[in-house]
Amino acid sequence: MQFDDVILGRRSIRGYKPDPVPRALIEEIIGLAMRAPSSMNTQPWNFYVITGEPLNRIRAGNTERMVAGVPQSREFRTGQGFTGQHRDRQVGVAKQLFSAMGIARDDKDGRQDWVLRGFRQFDAPVCVIVTYDRVLHGSDDTPFDCGAVATALVNAAWSRGLGAVINSQGIMQSPVVREHAGIADDQVIMKSIALGWPDERFPANAVVSERKSVEEATVFVGFEN
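Before going into details, it helps to say that this report is about the structure given with it. Computed from a predicted structure; not experimentally measured. (Residues numbered from 1 in each chain as written. Predicted model: local features only at pLDDT ≥ 70, side-chain atom pairs only at ≥ 80, totals over all residues. Heavy atoms only, no water.)

1. Digging into helix 2 (residues 23-33)
Along an α-helix, residues three or four apart share an orientation, since each turn contains 3.6 residues. Filter applied, for reference: For the exposure calls, accessible area comes from a 1.4 Å probe over protein chains only, and a residue counts as buried if that area is under 20% of its type's maximum, exposed if over 50%, partly exposed in between. Secondary structure elements follow DSSP: runs of H or I no shorter than four residues count as helices, runs of E no shorter than two count as strands, and numbering proceeds from the N terminus. In this description, the arc belongs to the directions extending from the helix axis to the C-beta atoms. Whether two residues are in contact is decided by their heavy atoms, any of which lying within 4.5 Å being enough.
Restricting attention to buried positions, one finds in helix 2 the residues Leu25, Ile26, Ile29, Ile30 and Ala33. Down the axis, helix 2 shows its buried residues gathered within 135° of arc, on one side only. Residues of helix 2 that are buried make contact with strand 1 (45-51), strand 2 (126-133), helix 6 (141-159) and strand 4 (187-196).

Rendered as C-alpha cells:
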C-alpha cells in the first residue's frame, strides 16, 4: 500500500476472524513500528504479544472481575472523564457503532455485551500489550512516545492486511494481565492492542469515525494566505 492508502483506509477493527497470525508477520510489523520517533531516542516501549490459552485466561479473568464489580486497576492514569466537545465525540462514535450493530438505546443486554467485548480484546486472536520501562514512570515524554509507537504499529498492521484496535478495557484488570502475560516488574502496562484478520461481515468494522477538519484543528502563523 501507498502511505496515503494506509492512513486514509485504516479503521479500528472490532470483529476478527479466528485464523492465527504468523509470528514472523507480527515481528515484521513490530520492527516497522519501532521506527517511530521517541524523545531523545529513549525508545521506552516494550511489547508482550499474547495468543492461544494465555490470552483466553486473560479474557476470562478480565471479564469475571469486571462483572463481579472488582475496581479497575489500570496502571497508567486515566484522568478525568471527558466533557464538552470531547465527550460529544466520544458519544458520537459510540452512536455510530451501536447503529451499525443494531444495538438500540434501551438494549441494556446488547450494550453490556458490547462493553464485555472490549474486556475480551474484541475476541481477536492476538493481543499486544504495550509497556514502558518503570524507571521512566512520571515522564510526560514516555506516554507520548508509546502513543507514537502504537500508532505506527496499527498502521503497519493495516499495510499488511491485518486489523487492529487500541483499547484500554483489555488492561483494566492489570493483575490478570501481569499474571498470564508474564509481564516483568520493571515494566508499566500502558495499552493493549487487539490484532488479527478483519472479519468483513462484522458490521462495526465498516464504521469510519468522523474527524474534525484541518481548519478546526490548525492555526497557521506567518503565512501570507
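The structure having been displayed, the exposition proceeds.
2. Overview of the pattern of salt bridges
Selection rule: Just to be clear on terms, a salt bridge is a Lys or Arg side-chain nitrogen sitting within 4 Å of an Asp or Glu carboxyl oxygen.
Taken as a whole and judged by the stated rule, the model has 7 salt bridges. Measuring nitrogen to oxygen at the nearest pair gives 2.7 Å for the salt bridge that ties Glu28 to Arg160. Remark: Arg160 occurs in the loop between helix 6 and strand 3 (163-167) and Glu28 occurs in helix 2; sequence separation between them is 132 residues. Take Glu28: its relative accessible area is 36%, and that puts it in the partly exposed class. By relative accessible area, which is 34% here, Arg160 ends up partly exposed. Among the salt bridges present, the one from Glu75 reaches Arg178, with a minimum N-O distance of 2.7 Å. You can see Glu75 sitting in the loop between helix 3 (52-67) and helix 4 (84-101) and its partner Arg178 sitting in helix 7 (residues 174-181), a full 103 residues away along the chain. Overall, Arg178 belongs to the buried group, its relative accessible area being 17%.

3. Thoughts on unusual backbone geometry
Positive phi, normally seen in glycine, also occurs at Met40, with a value near 50°. Residue placement: Met40 occurs in the loop between helix 2 and strand 1. Under the relative-accessibility criterion, Met40 is labelled exposed at 76%. Of note, Gln43 is a non-glycine position whose phi angle comes to about 45°, a positive value. Along the chain, Gln43 falls in the loop between helix 2 and strand 1.

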